[in-house]
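What the coordinates show
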Amino acid sequence: MTYNNKVVWITGASSGIGEAFAKAFFNEGAKLILSSRREEELHRVMTNLSATSDNCYILPLDLSKPESLKKKSEEALSAFGRIDVLVNNGGISQRSLFAETDMETIRRLMEVNFFGSAELTREVLPSMMEQKSGHIIVTSSVAGKFGTKFRSGYAASKHALQGLFDCIRQEMYEYNIGVTIVCPGPIKTNITQNSLTADGSNFGKMGDLHKSAMDADEMVARIWKDLKKQKEEIYISSPKERLALLVKRISPKLLNIILKNSKVT
Ligand SMILES: NC(=O)c1ccc[n+]([C@@H]2O[C@H](COP(=O)([O-])OP(=O)(O)OC[C@H]3O[C@@H](n4cnc5c(N)ncnc54)[C@H](OP(=O)(O)O)[C@@H]3O)[C@@H](O)[C@H]2O)c1
């Protein structure tokens, strides 16, 4: 697959993994629609790419505002007249124990990470079905495969994405629409700083695991070949997490024992 002249809509494009996706798609000749809440950061990304209004459209949106997303999707579809690739990447993480966490915080994690992506996908799919082509990419996480301390709402939202997009994939085979779920381990971005604590305020600092993790450009470069092949699931994590994913499949009980004795921050 070549992305030359394809229209790619990326959420969470103002930083981290979304920004790295924007660079990679743009370098292959794609036209971009960049979304997140912070419009000025989206313009920074556009400027850094030396993109113009002929090949880049800024579409600010808030994934936690479901009532606005139908209109935003219509705007995205009309920006270049079609959408070939939707990258559901925008998201927030969590650093708090479930018993101490406000339900409002759990709902916010579900709203941004799950319902927002679900809504945009539902709005975009009919046009892809008509085109009989398309690619939906979802940035999930290893937290979409197993749960740990401090990530209850986050892991729930990523498990929900996994279930939803497994079903959508089955429904879309006949329309030639691919679904790729990307499951990264820690990547050095602002994700921990922006994580929600129990009362919904930001965690505000980078976690130790993330300080030494690979950066987002390297992550995207390493998965790029598989992404272009529309591989159905892509894992990009440290050997430790890859082992945990394997143990989860073979013996969930053993993984629970290992996690119980591990330091999770
Ligand atoms: N970094 C990791 O270790 C890691 C590992 C596994 C999975 N992931 C996933 O990767 C994705 C990207 O995260 P990242 O690591 O690149 O972190 P990041 O640098 O914090 O980026 C998060 C992006 O999501 C956007 N966003 C947050 N809340 C939003 C909302 N309400 N509406 C619209 N956009 C919103 C942010 O933009 P605005 O602030 O401008 O809205 C930002 O562009 C997330 O889904 C995350 O769960 C990350």
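Counting starts from 1 at the beginning of each chain's written sequence and moves along it residue by residue. Predicted model: local features are reported for residues with pLDDT of at least 70 only, side-chain atom pairs are reported and counted for 80 or more only, and whole-chain, interface and lining totals are derived from all residues. Note: side-chain values were computed over all heavy atoms of the structure, leaving out hydrogens and water.

1. Description of the overall build of the protein chain
The following threshold applies: The way it works is that DSSP assigns letters per residue, a run of H or I at least four long becomes a helix, a run of E at least two long becomes a strand, and they are numbered from the N terminus. We compute the radius of gyration from the C-alpha atoms alone; for a globule the expected value is 2.2 Å times N to the 0.38, where N is the number of residues. Burial status follows relative accessibility: with a 1.4 Å probe on protein chains alone, a residue under 20% of its type maximum counts as buried, one over 50% as exposed, and anything between as partly exposed. Residue contacts are counted whenever heavy atoms from the two residues lie within 4.5 Å of one another. Surface accessibility follows the Shrake-Rupley procedure with a 1.4 Å probe radius. Residue values consider only the protein chains on display as shielding.
Tallying secondary structure elements over the protein chain gives nine helices and nine strands in all. Here the C-alpha radius of gyration of the protein chain, 18 Å, is about what a compact globule of 265 residues would show, namely 18 Å. Its C-alpha atoms give the protein chain principal-axis dimensions of roughly 55 × 35 × 35 Å. In the protein chain, which comprises 265 residues, the proportion classed as buried is 49%. In the protein chain, 71% of the contacts between residues at least 6 apart in sequence involve partners at least 24 apart. When the accessible surface of the protein chain is summed, it comes to about 12,600 Å², and 53% of that surface belongs to carbon and sulfur atoms.

2. Here's the deal with the confidence of the model for the protein chain
Counted only if it meets this: Confidence scores here are pLDDT values: one per residue, from the predictor, ranging 0 to 100.
With 100% of its residues at a pLDDT of at least 70, the protein chain reaches an overall mean of 97. Confidence scores differ between elements of the protein chain, with helix α6 (residues 208-211) showing the lowest mean pLDDT of 85 and strand β2 (residues 31-35) the highest of 99.

3. Quick word on the site of the ligand
Note the threshold: Whether a residue is near a molecule or strand is decided by its heavy atoms; if any one of them lies within 4 Å of it, the residue is near. By the criterion applied in these results, polar contacts are pairs of N or O atoms within 3.5 Å in which, for protein atoms, one can donate a hydrogen and the other can accept it, and in which residues neighboring in sequence qualify only through two side-chain atoms. Residue type decides the class: Asp, Glu, Lys and Arg count as charged, Ala, Val, Leu, Ile, Met, Phe, Trp, Tyr, Cys and Pro as nonpolar, and the leftover types, Gly among them, as polar.
As a structural note, the neighbourhood of the ligand is formed by 31 residues, with S14, S15, R37, Y154 and T189 the closest of them. With respect to the ligand, the side chain of S36 contributes an N or O atom lying 2.8 Å from an oxygen atom. Within the side chain of D62, an N or O atom sits 2.9 Å from a nitrogen atom of the ligand. Secondary structure elements with two or more residues in the shell around the ligand: α1 (16-27) and α5 (152-172). Looking at side-chain class alone, the shell around the ligand contains 10 nonpolar, 17 polar and four charged residues.

4. Here's the deal with the sheet that holds strand β5 (residues 134-139)
Spelled out, the test is: Should DSSP find at least two bridges between two strands, the strands are regarded as paired. For every element, the axis is a line fit to its C-alpha atoms; helices are fit only across the contacting stretch, and the angle between N-to-C directions ranges from 0 to 180 degrees.
Strand order in the open sheet made by the seven strands is β3-β2-β1-β4-β5-β6-β9, with parallel pairing throughout. Each having just a single partner strand, β3 (56-58) and β9 (233-236) make up the two edges of the open sheet. On average, each strand axis in the sheet is inclined to that of its neighbour by 15°, with strand direction left out of account. Pairing geometry for β5 and strand β6 (residues 177-184), over six bridges, is parallel. Counted as the bridge partner of H135 is G178 from β6. Taken strand by strand, helix α2 (residues 39-48) contacts β2 and β3, and its axis lies near 170° from that of β3. Here helix α4 (residues 103-131) sits on the sheet and contacts β1 (7-11), β4 (85-88), β5 and β6; the angle it forms with β4, its principal contact strand, is near 170°.

5. Section: unusual backbone geometry
If you check the backbone angles, N5 has positive phi at about 70° while not being a glycine. As for its placement among the helices and strands, N5 is situated in the segment before β1. A positive phi angle, near 65°, is found at N176, a position not held by glycine. Relative to the helices and strands, N176 resides in the loop between α5 and β6. For N176, a relative accessible area of 53% translates into the label exposed.

6. Let's talk about a nonpolar patch on the surface
Our working rule: Note that patches include only residues with greater than 30% relative accessible area and no salt bridge, and the join distances are 9 Å for like charges and 5 Å for nonpolar side chains (Val, Leu, Ile, Met, Phe, Trp, Tyr). One speaks of a salt bridge when a side-chain nitrogen belonging to Lys or Arg is within 4 Å of a carboxyl oxygen belonging to Asp or Glu.
Residues L243, L246 and I250 make up a contiguous nonpolar surface patch of about 310 Å² in total accessible area. Examined against the element boundaries, L246 turns out to sit in helix α8 (residues 239-250). L246 sits in the partly exposed class, given a relative accessible area of 39%.

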